[in-house]
Every structure is written in structure tokens, then in C-alpha cells.
Amino acid sequence: MGDVVWRPGDQKPRPPLLEGDAYRPDILEIIEKTIDELSPALRELSQDILAHPELKFGRKKQGFVVQRHYLLETAWVATYIHGQGGPVLGVNSEMDALPGIGHACGHNLIGIAGVAIACAAKAAMQKLGIDGKVILLGTPGEEGGFGKVELWEKGAYEEMDVCLMCHPAPGPPYSVSLSSCLAMVKLRVDFVGHTAHAGLSPWEGQNALDAAVLAYTSIGLLRQQTKPTHRIHGIFEGKDWAPNSHWFVRAPTTNEALETTERVKACFEAAAIATGCKVTVAVLSLGNELVQNSVLGEELADVVCKKYGTVDYEWGIASASTDFRSISLFSVTLTLVPVMPGLHPGFSIPSVPNGGNHTPAFTEAASTMEAHEACLDVSKALAAVGMRVLTDKTFLSKASLVKSAFEEAKRARSN
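These numbers were taken from a predicted model, which means no experiment stands behind them.

Notes on the overall build of the protein
Line of reasoning, step 1. Of the regular secondary structure elements, the protein holds 11 helices and 16 strands.
Line of reasoning, step 2. Counting every position in the protein, which comprises 415 residues, the buried fraction comes to 55%.
Line of reasoning, step 3. When contacts within the protein are restricted to residue pairs at least 6 apart in sequence, long-range pairs at least 24 apart make up 78% of them.
Line of reasoning, step 4. If you sum the accessible surface of the protein, you get close to 18,700 Å²; carbon and sulfur atoms cover 54% of it.

Shown next as C-alpha cells:
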């Protein structure tokens, strides 16, 4: 793996690029020029977000109209309209951090990528007289909060024809990943026992902590019989003498995650019986796997491979989860329904061994100039995809291309 993953100080050259032009070289030229000119300002913004992990930014800049506290207290939206009518391009800028370790998932880079994509699209629309609308959405609460789902339910994505974003992760040098992510079920488990004096009459009690520990141990053993692509992990908490825990079950598909969740629930129930305690298991949230829209993905791959690097289908956030998955695929009574065309590529940045996402080392990795430059490359490619959405009616057509891609993904999952 060490020979494959991009490490700090690597001097590996950019891989050979494919020959030929990407769609509308005149648009791509404007995109590249705009983002290159904005690079110092974007770098300053990225470092500012890193230094202030709870930063809430939203001002009228670059000709966008910005609304703060948009539908959620810490969400915001920036919009730009050119001409009349035309498609609507949506872009996400994540900005939330992790307690104690800051932007250890690189959301400072995601934040500036959204700004770069939106500003590049605006510049091309202005210079070439392209009608349409750009909506840049500042999305809080990705880290465990399902912020995008809340915004979806409140109508934030209603106008968008497509939605784009990206996410940094370890991976090969100069690589953009079109992998999926894991579906996830989040559980809250409460064991209730009966108090007793531990020295005087312990036989009168039922120990809820024993039940929680027994369930934890049982799940540790259960992992031996789960597929290597599945993940089960939990944390203990406690309040007023009562232990409770939060558990996460992940798998490549929603159905697999739900099946494994039933096996995990059996561990809680068995622990309650063994200790004489009561248990309640609540499903707090269900997030589907990420469905990369194949039409948008193929266009991104074409631009990346001709201009910036390579594309893979196994790195990125393949073994993690994101609330963007529920924008690309949503579960209604456990039936998977395509929501809207979405694209959420990963992009590699240099990282140290054992220093991937959600580590202090990744916070440092996300602050480097190499990470900044990789972020701008994927932003240029995504802006090019967005501009094809705004200028090519056939490309956008849900009936002939995008909708059929959705239906194809839906059929594959139902099988």
C-alpha cells in the first residue's frame, strides 16, 4: 500500500494524460483561469476554516447573494443567476469539524472546493452569456448530524437539477475516486437495571453496566462472522447511573446494513436476558449507500483523465459514510428511490501511514499546499461537469440519460 498511496514528499510525476479535448475547451479555459486567480484567496479561506473549526462564513462576495441561517441555524446559501431560465447547478460546501481534532476529515478543502466550483461557473456564465442559476449550499452537521438530509427535508435542494461536491482522502497520487460509500444504521441502546448496595446486598441488583459490557463483547465475537466489507462499532456513555451506548452498523448496501443490524440487536437482547436487565434499541438514523450518477461520473472521468490525473473506483470514501448518499439515493419505507442526479468524488491528498481521515495527522495533511492544489484540480473538473449541465440539454435530459442512469442503479440494487 505504501507504494500506491500518495505520501508527503513524494516526487512522483503526474500520470500520463489521455489525448483529446474535454467538452467545450473555451469553458474549461475560463474555469481554470478563474480558479487559478482565486487560489490565494481560497488558500486563505481554507487556512481560516482550519484555524476556526466552528467557523460559520457567509457574506456577499464574488457577486453571489448570500443568505445566512438558511433553514438551519448554521447553514447558508449563496446564489447567482444569469439571464432568464436555464438549468440549476447545485454545489455543496461542507464546513463542520470534529471535536478535539478539528478538520480531520478535510472539510476545509470541501468548503473551498464548493466556492471554487460556484465562482468558476459564474465566470463562464458571465463571459459566454450562458443562462442558468448556481446554488452554493453551506451544509453543516455531516459528522453524525445528517445535515444534508435535514436540508433536503426542508426543501433546500428542490430547485437543483444536479448537485456536486467532493471529499479528500488517502489514495494514489493525482487520483479522483468515483467509489461509493457504506450505508449506515445508527442505534441508541439503553440498558435499565436495578440499584443495590454493592457490598451489603449485591444480589438484589441487576447490573446494566454488565449488560452493556456483555453486549460489547458479544459484538466483538460477532465480527468474526460478518463480511469483511461490513463495519460495527460503538461507544459507551452514561448519565444518572444509567449506561447507554451508540452503535453504528455499516455495509455496502442498505439491505446488508439492515440485515447485520438485526444480528447486532440480538446481542443486546441476549445481554439483557443474561443479566436480568431491560433493553431498548432505537434506530436514530438510516443512511443509504452513495450512488454516483454514471452520466455525470463519466464526464468527470473524461475531464480528469485528459487534464489532471487518473480516476479510480476503490479509494475515496469507499469504507466510510456520508449524508450526501441520501441526496443521491433515499429510502422510503426501505424502498430505495433515486432522488436527484448527484456526484460526490473523492480526491487523494498526501497522507502519512496510519494518518487517514479522522486522525490529527489528517488535519495536518488537509492544511498542506499539495492538498490545496489537489483540491483545485478536482474543483476545475467538477466545474466543467457543472457547465456541461448548464449548456448541454441532451446531457441533462432525465428521460434519455440521467433518469435512465438512475433507473439502472435502482434495478441493480433491487436485484
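Quick look at the pairing of strand E4 (residues 132-139)
Line of reasoning, step 1. Of all the 8 residues making up E4, 8 are buried; the element is thus mostly covered by neighbouring parts of the structure.
Line of reasoning, step 2. With burial as the criterion, each face of E4 is covered, one bearing Gly132, Val134, Leu136 and Gly138 and the other bearing Lys133, Ile135, Leu137 and Thr139.
Line of reasoning, step 3. Examined bridge by bridge, strand E2 (residues 76-82) and E4 share 7 bridges and lie antiparallel to one another. Within E4, the position partnered with Ile81 by the bridge is Lys133.
Line of reasoning, step 4. Alignment of strand E3 (residues 88-94) against E4, held across 7 bridges, turns out to be parallel. The partner of Val88 across the bridge, within E4, is Lys133.

Quick word on the packing of helix H6 (residues 294-307) against helix H9 (residues 369-391)
Line of reasoning, step 1. Where H6 contacts H9, the axes come no closer than 9 Å and their chain directions differ by 130°. Considered as vectors, H6 and H9 are oriented oblique to each other. With respect to the hand of their crossing, H6 and H9 are arranged in right-handed fashion. Residue-level inspection shows Leu296, Glu299, Leu300, Val303 and Val304 of H6 in contact with H9, the latter providing Ala381, Leu382, Ala384, Val385, Arg388 and Val389.

Section: the packing of aromatic side chains
Line of reasoning, step 1. The final tally for this structure, using the stated rule, is 6 aromatic pairs.
Line of reasoning, step 2. Pairing Trp6 with Tyr174 gives two aromatic rings, centres 4.9 Å apart and planes at 40°, and the pair type is tilted. Of the two residues, Trp6 sits in the segment before helix H1 (25-51) while Tyr174 sits in the loop between strand E6 (167-169) and strand E7 (175-177), which places them 168 residues apart along the sequence.
Line of reasoning, step 3. Judged by relative accessible area, Trp6 falls into the buried class, the value being 7%.
Line of reasoning, step 4. Each member of the aromatic cluster is reached from another via a ring pair, and the members are Tyr216, Phe236, Trp247 and Phe268.
Line of reasoning, step 5. Above the face of the Tyr80 ring, Lys122 is positioned so that its terminal group lies 5.5 Å from the ring centre.
Line of reasoning, step 6. Residue placement shows Arg388 over the ring face of Tyr23; its charged tip is 4.3 Å from the ring centre.

Things to note about the sheet that holds E6
Line of reasoning, step 1. In spatial order, the strands read E6-E16-E7-E12; together these 4 strands make up an open sheet with mixed pairing. Looking at strand neighbours, the two that pair on one side only are E6 and strand E12 (310-312), the edges of this open sheet. Each strand of the sheet is rotated relative to its neighbour by a mean of 35°, with strand direction disregarded.
Line of reasoning, step 2. Pairing between E7 and E12: 3 bridges, direction parallel.

Points about the nonpolar core
Line of reasoning, step 1. Counting 69 residues, the largest nonpolar core has Ile31, Leu300 and Met387 as the members making the most contacts within it.
Line of reasoning, step 2. Apart from residues no more than four positions distant in its own chain, Met387 is found in contact with Ile27, Ile31, Ala121, Ala124, Met125 and Ile130.
Line of reasoning, step 3. In this structure, Phe191, Leu222, Ile232 and Phe268 belong to the second largest nonpolar core, which totals 22 residues.

Focus on the side chain of Arg250
Line of reasoning, step 1. Along the chain, Arg250 falls in strand E10 (residues 242-251).
Line of reasoning, step 2. Looking at Arg250, the relative accessible area reads 17%, which means it is buried.
Line of reasoning, step 3. Among the polar contacts made by the side chain of Arg250, one reaches the side chain of His233 at a distance of 3.3 Å.
Line of reasoning, step 4. Residues contacting Arg250, with those up to four places away along its chain left out, are Leu182, Ala183, Met184, Thr229, His230, Arg231, His233, Ala320 and Ser321.

A few points about the sheet that holds E4
Line of reasoning, step 1. Pairing is mixed across the open sheet formed by 6 strands, whose spatial order is E1-E2-E4-E3-E5-E15. Edge strands, defined here as strands with exactly one partner in the open sheet, are strand E1 (65-68) and strand E15 (342-343).
Line of reasoning, step 2. Sheet analysis places strand E5 (residues 162-164) next to E15, joined by 2 bridges and oriented parallel. By the bridge assignment for E15, Leu164 is matched with Leu343.

Brief notes about helix H4 (residues 208-222)
Line of reasoning, step 1. Between the first and last C-alpha of H4 there are 21 Å, a value that for 15 residues agrees with the 21 Å anticipated at 1.5 Å per step.
Line of reasoning, step 2. Two to three positions downstream of the cap, the backbone nitrogen of Leu209 sits 2.9 Å from a side-chain oxygen, assigning the N-cap of H4 to Asn207.

Some details on the packing of H4 against helix H5 (residues 254-275)
Line of reasoning, step 1. Look at H4 against H5: their axes get within 8 Å of each other, and the N-to-C directions meet at 140°. On the basis of their axis angle, the class for H4 and H5 is oblique. The two elements H4 and H5 cross, and the hand of that crossing is right-handed. Contacts between H4 and H5 involve Asp210, Ala211, Leu214, Ala215, Ser218, Ile219 and Leu222 from the former and Arg263, Val264, Cys267, Phe268, Ala271, Ala274 and Thr275 from the latter.
Line of reasoning, step 2. Across the contact of H4 with H5, the residue classes break down as 10 nonpolar, 2 polar and 2 charged.

Some words on the environment of Lys186
Line of reasoning, step 1. Looking at where Lys186 falls in the secondary structure, it is placed in strand E8 (residues 183-192).
Line of reasoning, step 2. Sequence separation of Lys186 and Trp247 is 61 residues, and the distance between their C-alpha atoms is 5.8 Å.

Some remarks on H6
Line of reasoning, step 1. A rise of 1.5 Å per residue sets the reference length of H6, with its 14 residues, at 20 Å; its end C-alpha atoms lie 20 Å apart and thus fit the reference within 8%.
Line of reasoning, step 2. For H6, a buried count of 10 out of 14 residues is recorded, marking the element as mostly surrounded by other parts of the structure.
Line of reasoning, step 3. All of the buried residues along H6 are Val295, Leu296, Gly297, Glu299, Leu300, Ala301, Val303, Val304, Cys305 and Lys306.
Line of reasoning, step 4. Capping the start of H6 is the job of one residue whose side-chain oxygen sits 3.1 Å from the backbone nitrogen of Val295: Asn293.

Rules and cut-offs
Note that residues are indexed from 1 along each chain, following the sequence as it is written. In keeping with the predicted nature of the model, local features appear solely for residues at pLDDT of at least 70, side-chain atom pairs appear and are counted solely at 80 or more, and the whole-chain, interface and lining totals rest on all residues. To obtain the side-chain values, all non-hydrogen atoms of the structure were included, while hydrogens and water were left out. In DSSP terms, a helix is any run of H or I states spanning at least four residues, a strand is any run of E spanning at least two, and both are numbered starting from the N terminus. For the exposure calls, accessible area comes from a 1.4 Å probe over protein chains only, and a residue counts as buried if that area is under 20% of its type's maximum, exposed if over 50%, partly exposed in between. Residue contacts are defined here by distance: any two heavy atoms, one from each residue, within 4.5 Å place the two residues in contact. For accessible areas, the Shrake-Rupley method is used with a probe of radius 1.4 Å. Any residue's cover is judged against the shown protein chains and nothing else. DSSP calls a pair of strands paired once it identifies at least 2 bridges connecting them. Helix axes are fitted to C-alpha atoms over the stretch in contact, other axes to C-alpha atoms as well, and angles between N-to-C directions run from 0 to 180 degrees. Just so you know how the angles are binned, under 35 degrees is roughly parallel, over 145 roughly antiparallel, 65 to 115 roughly perpendicular, and the rest oblique. Left-handed is the label given to a crossing in which the near helix is rotated counterclockwise from the far helix by less than a right angle, and right-handed is the label when the rotation is clockwise. For Phe, Tyr and Trp, where Trp contributes only its six-membered ring, two rings pair if their centres lie within 6.5 Å, and the inter-plane angle classes them as stacked under 30 degrees, edge-to-face over 60, or tilted in between. Two thresholds decide whether a charge sits over a ring: the Lys NZ or Arg CZ must be within 6 Å of the ring centre and within 35 degrees of the ring normal. Definition used in this section: a nonpolar core is a set of buried Ala, Val, Leu, Ile, Met, Phe, Trp, Tyr and Cys residues joined via side-chain atoms within 4.5 Å. Identification of polar contacts relies on pairs of N or O atoms within 3.5 Å, with a donor-acceptor requirement for protein atoms, meaning one able to donate a hydrogen and the other able to accept it, and with residues adjacent in sequence counted only if both atoms are side-chain atoms. A helix is expected to span 1.5 Å multiplied by its residue count minus one. Gly counts as polar in this scheme, as do all residues outside two lists: the nonpolar Ala, Val, Leu, Ile, Met, Phe, Trp, Tyr, Cys and Pro, and the charged Asp, Glu, Lys and Arg.

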